Structure formats: structure tokens, C-alpha cells
Amino acid sequence: MSAIQDVVVKLMINEPLDACQTLRGKLIRPIRSLEENNLYHLFQDNNGRWLVIKPRYEGEQVEEVYLGKRIQVAIASIADQTVINSYYFRLSQVNYFGVGSITISED
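Draft legend 1. Structural view of the nonpolar core. Of all hydrophobic cores here, the largest spans 15 residues; its most connected members are Leu11, Leu27, Phe43, Ile53, Val73, Ile75 and Ile102. For this core, the elements supplying multiple residues, two or more each, are strand 1 (9-15), strand 2 (21-33), strand 4 (50-55) and strand 5 (71-78). Filtering out sequence-adjacent residues up to four positions away, Phe43 remains in contact with Val9, Leu11, Leu23, Arg24, Gly25, Lys26, Leu27, Arg49, Trp50 and Leu51. Core analysis: the second largest hydrophobic core is formed by eleven residues, Tyr40, Ile78, Val83 and Val94 among them.

Draft legend 2. Quick look at the pattern of salt bridges. Summed over the entire model, instances satisfying the criterion amount to three salt bridges. For the salt bridge of Arg90 with Glu35, the shortest nitrogen-to-oxygen distance reads 3.7 Å. Here Arg90 is found in the loop between strand 6 (88-89) and strand 7 (94-104), whereas its partner Glu35 is found in the loop between strand 2 and strand 3 (39-45), with 55 residues between them in sequence. Since its relative accessible area comes to 44%, Glu35 is described here as partly exposed. Glu36 is paired through a salt bridge with Lys54; the nearest N and O atoms lie 3.8 Å apart. Separated by 18 residues along the polypeptide, Glu36 in the loop between strand 2 and strand 3 and Lys54 in strand 4 bring together distant segments of the chain. The exposure class assigned to Glu36 is partly exposed, which follows from its relative accessible area of 34%.

Draft legend 3. Broad picture of the pairing of strand 4. Counting buried positions along strand 4 gives six out of six residues, so the element sits mostly inside the fold. A two-sided burial pattern is seen for strand 4, the buried positions comprising Trp50, Val52 and Lys54 on one face and Leu51, Ile53 and Pro55 on the other. Where strand 3 hands over to strand 4, the hairpin turn is made up of four residues, of which Gly48 adopts a positive phi near 90 degrees. Sheet analysis places strand 4 next to strand 5, joined by five bridges and oriented antiparallel.

Draft legend 4. Molecular detail of the pairing of strand 3. In terms of burial, strand 3 is largely enclosed, as five of its seven residues are buried. For strand 2 and strand 3, the ladder comprises seven bridges, and the chain directions are antiparallel. Residue pairing for strand 3: Leu27 is matched across the bridge by Phe43. Adjacent in sequence and paired antiparallel, strand 2 and strand 3 are bridged by five residues, among which Asn37 carries a positive phi angle near 60 degrees. Strand direction decides the pairing type here: strand 3 and strand 4, joined by four bridges, are antiparallel.

Rules used throughout
- Residues numbered from 1 in each chain as written.
- Predicted model: local features only at pLDDT ≥ 70, side-chain atom pairs only at ≥ 80, totals over all residues.
- Heavy atoms only, no water.
- Core = buried A, V, L, I, M, F, W, Y, C linked by side-chain atoms within 4.5 Å.
- Buried < 20%, exposed > 50% of the residue type's maximum accessible area, 1.4 Å probe, protein only.
- Helix = DSSP H or I, 4+ residues; strand = E, 2+ residues; numbered from the N terminus.
- Contact = heavy atoms within 4.5 Å.
- Salt bridge = Lys/Arg side-chain N within 4 Å of Asp/Glu carboxyl O.
- Pairing = 2+ DSSP bridges.

Listed below in C-alpha cells is the structure:
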């Protein structure tokens, strides 16, 4: 496991308003959407919940969080657990539910 995978990040869910919360966890690895060909990242929070996230804005990369940047992200929950062990997924295997941002967790 690389040192980067040991870094705890904070995922702040801002939208929708009724889903506002802060999760702490780790970026596990990149994963691609087959339909969009976009690069997402698997995120696992400290309670074992799995999500996929991708940059909300073109030109940003999730990995920039390790440089101290706050990255705006789109967030989806995993509906099909086989996604966790794959490097690709179909959009039907996840449920998009919000927008947020990631930063390095200072606490």
C-alpha cells in the first residue's frame, strides 16, 4: 500500500441539502465508467461505506487533494457490490446522489 493510500481525506456532502454530512475515509483507487469513459475514484469511509466520486469540474483531478487542494466532486453510492472489486462499472451499478468536496482531513 502506498503512502498516499494511507492519507485520510474528508468528504463533505453539500447537496442535496437534506444529505449534508462529513465523512472521513480513504481514496482506494481509480475506477472508470464504461458509458462515460470518465475516471472516478472509489472512496471508503471509516465506517466501511463505499462511494464513487469524480471531479465536478473539467480540468480538475481527484488526486490534487494530495497537493492540499479542495476538489469539488460528484458523488454516487454503489448499488452493485461487484463494483468494489472491478476497475470498471456501468452507470446502472451506482446511484448518483449529490455534490460535495474533498480535502485532506486535518483531524
